[in-house]
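# Structural overview
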Amino acid sequence: MAAIVMDNLHKVYAGGVRAVSDIMLDIADGEFVVLVGPSGCGKSTLLRMVAGLETITEGRLTIGDRVVNALEPAERDIAMVFQNYALYPHMSVFNNLAYGLRNRGVLKPEIERRVREAAAMLEIGAFLDRKPRQLSGGQRQRVAMGRALVREPAVFLFDEPLSNLDAKLRVQMRVEIKQLQRRLGTTSLYVTHDQLEAMTMADRLVVLNGGRIEQVGTPMDVYSRPATTFVAGFIGSPAMNMLPASLLRANGNADALSGLPGNADLVGLRPEDIGLDAVAPGGVRLQARLDLLEPAGAETHLHVRLIDGKTRMTVRLSHVPGLTEGADLVLHAPAAALHPFEAESGHRLL
Amino acid sequence: MVENRPLGNLLSHVVLIFGVALVVFPIYVAIIASPHPPGTFLRGVMPLLPGPNALENYRTAWTEGRSRAGTPPISLMLTNSLIMALAITIGKLAISIISAFAIVYFRFPFRIFFFWIIFLTLMLPVEVRIVPTFQVVADLGMLNSYAGLSIPLIASATATFLVRQFFMTVPEELMEAARVDGAGPMKFFRDILLPLSITNIAALFVIMFIYGWNQYLWPLLITTDPEYYTIVMGIQRMVTGGDSEPLWHLVMATVVMAALPPVLVILFMQRLFVKGLTETEK
């Protein structure tokens, strides 16, 4: 059990490429923190810096009460689950789990006990004698988890552990990992590019972009009050609509914008906040034409184009409207649903 | 790819059979000639059917060789060849595995430079560097010794290069997982890398053994004492040494026996060998 403190971490590669900059982050003991961002945003690098697989160019990393900058991965009391599982192909599942313990000089009966226990927890007890190649993707994933579990480390590190699984299995493992983490109460750092995975699993979400932290907060916090236009566009699917304030004003919505700061020149609207029914006075009202109707079962996505013919928007409805493509429609949204941003800095106002 | 074209089938079979015949015929001649009495060859006609003296000829070759011409018995030369080939093979494998490990898994200054230096020596066959090598070996007093026979041939860029290529296909995450699991570099090498490369090493073993076994020019240069003759060069001595006509029946018996060990090595290691060339366990 341990807290992690990242104090101004930087990573510059030998070629001069800045992978990670200015990372200040405190992770509480037992917390499940998810690092999320597009590929190349430095999230894996940051995780590997915590693991000790990448050196830290600048800054101080504390796990528990030790500064671990100069420690080998094995000395940091962490366990890591790799994206491709990295199981030892020539060893049986049992030996895969036991290898780390043997290297630490854990006694044989204790190894046996811990491996059996982890195997039971992950329901891989029946495969202990098999080689990794005789297992399915989901089972391998469990073995990789097991290898982390048996170590009983202070911190779990997950590097996109579910990205090689099919969609159904991913949802199932997502729930299991989350439950397991709750039960063990081990501090966890989890990297993913899947914003849905990030939203559902995290106690706290860290959104990264270009090697910097864009926003830290609970998933709902980040979702309902994105700090930057980047976060607004990245978290949520379909992405938030971004409209220039001038366009809204020109279309008779000056009233709706009156409550926003004067320098809010970009306004965000979540697709699900927009509807076809009139809202209370003072809301946003936009005329648009329906380009494409996407029924997705429980919800329907409308791809529309505003009256200016250029600006595109997405609307999410919980029902299938009786509309045909090409129809003209009027969109409504309450004023409270508007997210004001400053276009130049990308920062949220208010 | 599964097509049935009789003409193409026939043509390819004819070509293949012709190729096989071309390779097999000399071996057939050697086997056929070895059991003939010495007189057969004086007529200058090569027999195509086996003669009656098999046991006797092979026994003579095995125990006496052609002592008058100064060649030792085959048994001794076979032993010498075996020692040389094994020393070369094991030495080559040990050195190339270790150096490939260093090149792939360690970041040290001039790593790429060293790799290219090793790689460059690929382009220098034994024959090119044979004179300076001979000088070095002579100065070190290693003429007429097993060390002299094997050590200069041990350094191998080819094997280093092949092992390096294999190591590079081993996913990096395995090394990282081992680091997280508390295995140092040598432990990773022993517990994970070596077991994974076992089939590749077996394949290399076969290739290197045959390379070592077939060494001709080098042993010919540095051995003057028959005690250290190897079989492949010994054959040459048997043919040219002495005043009389070459004793072809003995030469052929020797040839057959010289060819056996590499064949046996391939047979015994075939399963691993083929696996090593075609698949990797990753």
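Use the structure listed above.
Attention here is on the structure that accompanies the text. (Residues numbered from 1 in each chain as written. Chains lettered and ligands numbered in written order. Predicted model: local features only at pLDDT ≥ 70, side-chain atom pairs only at ≥ 80, totals over all residues. Heavy atoms only, no water.)

## Some thoughts on the packing of helix α7 (residues 157-169) of chain B against helix α9 (residues 185-213) of chain B
The description of two helices packed together rests on the angle between their axes and the distance between the axes. Residue and element names in this part refer to chain B. It is at 11 Å that the axes of α7 and α9 come closest, and there the two elements cross at 150°. The orientation of α7 relative to α9 falls into the category roughly antiparallel. For α7 against α9, the interelement crossing comes out right-handed. Where α7 abuts α9, its residues A159, L162, V163, F166 and F167 lie against L193, L196, S197, N200, L204 and M208. The residue inventory of the contact of α7 with α9, partitioned by class, reads 9 nonpolar, 2 polar and no charged. (Axes fitted to C-alpha atoms, helices over the stretch in contact; angles between N-to-C directions. Helix = DSSP H or I, 4+ residues; strand = E, 2+ residues; numbered from the N terminus. Parallel < 35°, antiparallel > 145°, perpendicular 65-115°, else oblique. Left-handed = near helix turned anticlockwise from the far one by under 90°. Contact = heavy atoms within 4.5 Å. Nonpolar A, V, L, I, M, F, W, Y, C, P; charged D, E, K, R; others polar.)

## A look at the packing of helix α3 (residues 74-105) of chain B against helix α11 (residues 231-240) of chain B
Residues and elements named next belong to chain B. Where α3 meets α11, the axes come as close as 8 Å, and the angle between the chain directions of the two elements is 145°. When α3 is examined against α11, the residues I74, M77, L78 and S81 are found in contact with a partner set consisting of I231, V232 and G234. Of the residues belonging to the contact of α3 with α11, the class tally is 5 nonpolar, 2 polar and no charged.

## Things to note about helix α8 (residues 172-180) of chain B
Among all positions in α8(B), only B:L174, B:M175, B:E176, B:A177, B:A178 and B:V180 are buried. Immediately downstream of α8(B), the backbone of B:G182 shows phi near 85°, a positive value. (Buried < 20%, exposed > 50% of the residue type's maximum accessible area, 1.4 Å probe, protein only.)

## Here's the deal with the sheet that holds strand β13 (residues 284-295) of chain A
Residue and element names in this part refer to chain A. Across the sheet, which stays open at both edges, the 4 strands sit in the order β15-β14-β13-β16 with antiparallel pairing between neighbours. Sheet topology places β15 (312-317) and β16 (328-333) at the edges, where each strand pairs with a single neighbour. The mean angle between the axes of side-by-side strands here comes to 50°, regardless of whether they run parallel or antiparallel. In this structure, strand β14 (residues 300-306) lies alongside β15, joined through 6 bridges in antiparallel fashion. Bridge pairing links T300 to L317 in β15. (Pairing = 2+ DSSP bridges.)

## Section: the pairing of strand β1 (residues 4-12) of chain A
Residue and element names in this part refer to chain A. Pairing between β1 and strand β4 (residues 58-63): 5 bridges, direction antiparallel. Along β4, the bridge assignment pairs I4 with I63. Examined bridge by bridge, β1 and strand β2 (residues 18-27) share 6 bridges and lie antiparallel to one another. Bridging across to β2, V5 finds its partner in D26. Counted between consecutive antiparallel strands, the loop separating β1 from β2 contains 5 residues, among which G16 sits at a positive phi close to 95°.

## Describing the side chain of A:H301
All names here are of chain A. The residue H301 is located in strand β14 in this model. Assessed through its relative accessible area of 13%, H301 is described here as buried. Side-chain polar atoms of H301 contact the side chain of E299, separated by 2.7 Å. Residues within four places of H301 in sequence aside, it is in contact with P238, L292, L293, E294, V315 and R316. (Polar contact = N/O pair within 3.5 Å; in protein donor to acceptor, adjacent residues only side chain to side chain.)

## Describing the interface of chain A and chain B
How big an interface is tends to be reported as the loss of accessible area on association of its parts. Each partner contributes residues to the interface: chain A has 24 residues there, and chain B has 18 residues. Together, the buried faces of chain A and chain B total about 1800 Å²; carbon and sulfur atoms form 57% of this surface. Between chain A and chain B we count 3 salt bridges in total. In this structure, B:D181 and A:R151 form a salt bridge, with 3.7 Å as the shortest nitrogen-oxygen distance. At the junction of chain A and chain B, the tally comes to 13 residue pairs in polar contact (both at pLDDT 80 or more). Looking at the side of chain A that touches chain B residue by residue, the class counts come to 13 nonpolar, 5 polar and 6 charged. (Buried area = accessible area lost by both parts, 1.4 Å probe. Salt bridge = Lys/Arg side-chain N within 4 Å of Asp/Glu carboxyl O.)

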